Amino acid sequence: MAFVRFARRRRFTFLKLFLICFAFLGVLLWLYMRNLSDSEPVNITHHPREFVNSKEKYTRSKTNQNVYLKDVFKSNIFVTKRDSVFRNPALLHKLQAKTPNVPKQKVSKTFSHSDVHKDIKDRFDYPIPQMKVTPGLGENGVPVVLPKEEQILADKLFNDAAFNVYLSDRISPNRSVPDPRNPKCEYESYHHDLPTASVIIIFTNEIWSALLRTIHSVVNRTPPHLLHEIVLVDDFSEKDELKYALKKYIDNHFKPGLIKLIRFNKRKGLIRARLAGAELATGDVLVFLDSHCEANIEWVEPLLQRIKEERTAVVCPIIDVIDDKTFEYYATNLEYFQIGGFTWNGHFTWIEISDAEDKRRKSEVAATRTPTMAGGLFAIDRKYFWEVGSYDSGMEIWGGENLEMSFRVWMCGGTLEIIPCSHVGHVFRSFHPYKFPGNKDTHGINTVRTVEVWMEDYKKYFYYQRPDLLDTDYGDITERLELKKKLKCKSFQWYLDNIYPEKFIFDKGVLAYGSLKNPMTMLCLDTLNRDEDKSEPIGYFHCKPNSDVVINQLLSYTEKKELRIEENCAEINDDFDLHSELSVIMTKCHGGESQKWIHKMGGEIKHEKSGMCLDAGKKRSGDDAVVRKCYGGHFQIWWFENYEHPHIEVKDSDNYNKKLNVIH
């Protein structure tokens, strides 16, 4: 009996051992077969798919949807569609060690690096930059003043982006911002079933923190059912974090498919980058933003609502200023805003809302018509964008595209509006931190294309301002002229009469224009190339020969008694009772008493409110223009080059000047 019991126990023991060994061998066989299938090349036809001008190339099998990437050792790395293993560089190295060599694949000529294998390895090895966020810094858009030691570091980095990079890196990408909207906006309602938005953001060598803050603000403050996608277009950035880490950051922080990223293998510029982004976008509405913005509360709903009401409306948010040094989000005046105009030298400028438009819109928060747009931030129905001519693809890099689109939309049947309840903050930079290819004046050349297509007889006023561009090669504009004819666009005269009737033209509706000369000194009033967008003193300079056009000396004396250059008028400040001599300042025309002057041909230029006269006595070329107490002397006599109703002939008298023996 004892033997039988022993045998039975041994039989069960052998059976257990056999089952364990069988299971172990089965596991080994399964692992072997899996590794064998993974390491063997798959002999099927691949269909290449490349991101536009991307440095990353991959091919995708139609049968198993597996991704093949080339490694640095010229071997295939096989990873299933669950590509999360690539998020761990250590696993990547293990896979590289196992994989066999395969024949070298051909690399597309569109790649920007010859060594694609190294680029892909660097792509996955490059770490996501760590943010140096200081909790609470800059929250609610409050200004940040750095300690002296940190400000020194910030100053060294300022030129990298034309704003405070050091501070931007320390402000959260999810920071809060103040609500700058008119209080009446709280009572506005928007439909739930609005068209969806594709937000297109173009960047080149943008600061990491600024770009992320732009993206996060859009995602955080846009209802998910309205945000169809964000399209990022990298215009050939050279910064490693943008080339290698941005895609990884997007994958880690946003839901799949929300953000599309494409890269160019050479610099193509803002205009062509936007065209590429628009071609890729599939939302109902295209919303263009710059890469250093912060979307505000309910920013997109008012834009989409207006486009739903009128699909040919091109709409812009109010652009709030984010300070380039302190990152303060300015939201002080909740009701006041300006609209867009232009200067005859081809630049955008801000102007006041006209009385006629103020009456037409009826409400402070209603859509407000604007003659032009700044161009960086606007929304347009995607289909209408292509119908109305998209962008002029003959334009290069940057500049002039905003005026071209503004004229075209108005003249070809659309409307251009600012939506007061939509706000987006924007870091306004005082200079471009990057170079333009070939150092070409792309703004000037693009503007020439604009005036040649759209301004008709009024293009002469542009060339008065920019005679240097008269012989510029601006390329072929046949296609744009055909578009103008196809769309049955109205004339530029119609645009001025109906859309921008308050646009100032230096020789129309004025009493005198041209250079303003003091015959005694042969000095003329001159802008001295000072910034027209700031309040700057006007000065004296040697008068031009009569046969030349010097735009710096082109003034007008208007029926409103203004001494005017484009949108700026001459004035003096109010403390004239305390000074015997005051500088003459050119500032935005506002029609106030401080900008009224009295003048008769060949007489004084008297400031009406102060009673003081423009005086060239004891002044040299390059000095600021001043007013002094009127006394009727030769230094206070002025002649315009042209008068509307001349009664005597204006002549220079060199002999007269010599007799007076005046030192110039």
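If you're wondering where the values come from, they're calculated on a predicted model, not measured in any experiment.

Sorry, what's going on with the overall build of the chain here?
When its secondary structure is counted, the chain shows 17 helices and 29 strands. Counting every position in the chain, which comprises 664 residues, the buried fraction comes to 50%. Taken as a whole, the chain presents about 33,500 Å² of accessible surface, with 54% of it coming from carbon and sulfur.

Would you take a moment to explain a nonpolar patch on the surface for this structure?
A surface patch of nonpolar side chains, amounting to about 230 Å² of accessible area, comprises Val-321, Tyr-330 and Phe-428. The residue Phe-428 is located in the loop between strand E15 (415-427) and helix H13 (442-454) in this model. Taking the relative accessible area as the measure of exposure, Phe-428 reaches 34% and is therefore partly exposed.

Whenever I open this one, the state of the cysteines confuses me. Can you help?
One covalent bond between the sulfur atoms of two cysteine residues makes up a disulfide. A complete count under the given rule lists five disulfides for this structure. Between the sulfur atoms of Cys-412 and its disulfide mate Cys-489 the distance is 1.9 Å. Of note, the bridge from Cys-412 to Cys-489 carries an S-S torsion of about 100° and is right-handed in sense. Here Cys-489 lies in the loop between helix H15 (478-486) and helix H16 (492-498) and Cys-412 lies in the loop between helix H12 (401-411) and E15, a separation of 77 residues in the sequence. In this pair, the class of Cys-412 matches that of Cys-489, namely buried. Covalently, Cys-524 is tied to Cys-543 through a disulfide, its sulfur atoms 2.0 Å apart. In this structure the cystine formed by Cys-524 and Cys-543 twists about its S-S bond by roughly 110°; its chirality is therefore right-handed. One end of the pair, Cys-524, is in strand E17 (residues 523-526); the other, Cys-543, is in the loop between strand E19 (539-542) and strand E20 (555-558), and 19 residues separate them in sequence. For the residue pair Cys-524 and Cys-543, the accessibility class agrees, reading buried in each case. Sequence-ordered numbering of the bonded cysteines in the chain yields a pairing of 1-3, 2-4, 5-6, 7-8, 9-10.

Whenever I open this one, the pairing of strand E7 (residues 259-263) confuses me. Can you help?
Remark: a regular strand shows side chains that alternate across the two faces of the sheet. Taking burial as the measure, the five residues of E7 include four buried ones, the bulk of the element. Direction of pairing for strand E6 (residues 227-234) relative to E7: parallel, over a ladder of five bridges. Across the sheet, the residue bridging to Val-231 is Lys-260, located in E7. Between E6 and its parallel partner E7, the chain crosses via helix H7 (residues 240-253), and the hand of that crossover is right-handed.

I tried to follow the confidence of the model for the chain on my own but got confused; where do I start?
Where the model shows low pLDDT, its predicted coordinates should not be examined in detail. Of the residues in the chain, 78% have a pLDDT of 70 or more, and the chain-wide mean is 83. Here residues 34-119 is a poorly scored stretch, pLDDT under 50, and it has 127 contacts once near neighbours within four places are set aside; other chains count. Under a pLDDT of 50 for its full length, residues 648-664 has, in the predicted model, 18 contacts with residues more than four places off or in other chains.

Help me out: how do you make sense of the environment of Glu-571 in this one?
Residue placement: Glu-571 occurs in strand E22 (residues 568-571). Under the relative-accessibility criterion, Glu-571 is labelled buried at 17%. For Glu-571 and Lys-588, which are 17 residues apart along the polypeptide, the C-alpha to C-alpha distance reads 9.7 Å. When neighbours within four sequence positions are excluded, Glu-571 is seen to be in contact with Ser-583, Val-584, Ile-585, Thr-587, His-590, Ser-594, Gln-595 and Trp-597.

Can you walk me through the side chain of Arg-175 in this structure?
On the secondary structure map, Arg-175 appears in the loop between helix H5 (165-168) and strand E5 (197-203). Under the relative-accessibility criterion, Arg-175 is labelled buried at 1%. In terms of polar contacts, Arg-175 uses its side chain to reach the side chain of Glu-294, at 2.9 Å.

What's the story with the pairing of E6 in this structure? I'm lost.
Within E6, seven of the eight residues are buried, leaving the element largely enclosed by the surrounding structure. Pairing of E5 with E6, which is carried by seven bridges, proceeds in the parallel orientation. Each bridged residue has a counterpart across the sheet, and for Ile-201 the counterpart in E6 is Leu-232. Regarding the hand of the β-α-β motif, the stretch spanning E5, helix H6 (residues 208-220) and E6 is right-handed.

Would you explain unusual backbone geometry in this entry?
Most peptide bonds adopt trans geometry, and most residues besides glycine take a negative phi value. Of note in the backbone geometry, Phe-236 takes a positive phi value of approximately 60° without being a glycine. Examined against the element boundaries, Phe-236 turns out to sit in the loop between E6 and H7. The exposure class assigned to Phe-236 is partly exposed, which follows from its relative accessible area of 27%. The phi angle at Leu-528 is positive, at roughly 55°, despite the residue not being glycine. Summarising the element assignment, Leu-528 is placed in the loop between E17 and strand E18 (536-537).

Cut-offs applied
- Residues numbered from 1 in each chain as written.
- Predicted model: local features only at pLDDT ≥ 70, side-chain atom pairs only at ≥ 80, totals over all residues.
- Heavy atoms only, no water.
- Helix = DSSP H or I, 4+ residues; strand = E, 2+ residues; numbered from the N terminus.
- Buried < 20%, exposed > 50% of the residue type's maximum accessible area, 1.4 Å probe, protein only.
- Areas by Shrake-Rupley, 256 points an atom, 1.4 Å probe, with all protein chains shown as cover.
- Patch = residues over 30% accessible without salt bridge, like charges linked within 9 Å, V, L, I, M, F, W, Y side chains within 5 Å.
- Salt bridge = Lys/Arg side-chain N within 4 Å of Asp/Glu carboxyl O.
- Disulfide = S-S within 2.5 Å.
- Pairing = 2+ DSSP bridges.
- Right-handed = clockwise from strand over helix to strand, strands pointing away.
- pLDDT = per-residue confidence, 0-100.
- Contact = heavy atoms within 4.5 Å.
- Polar contact = N/O pair within 3.5 Å; in protein donor to acceptor, adjacent residues only side chain to side chain.

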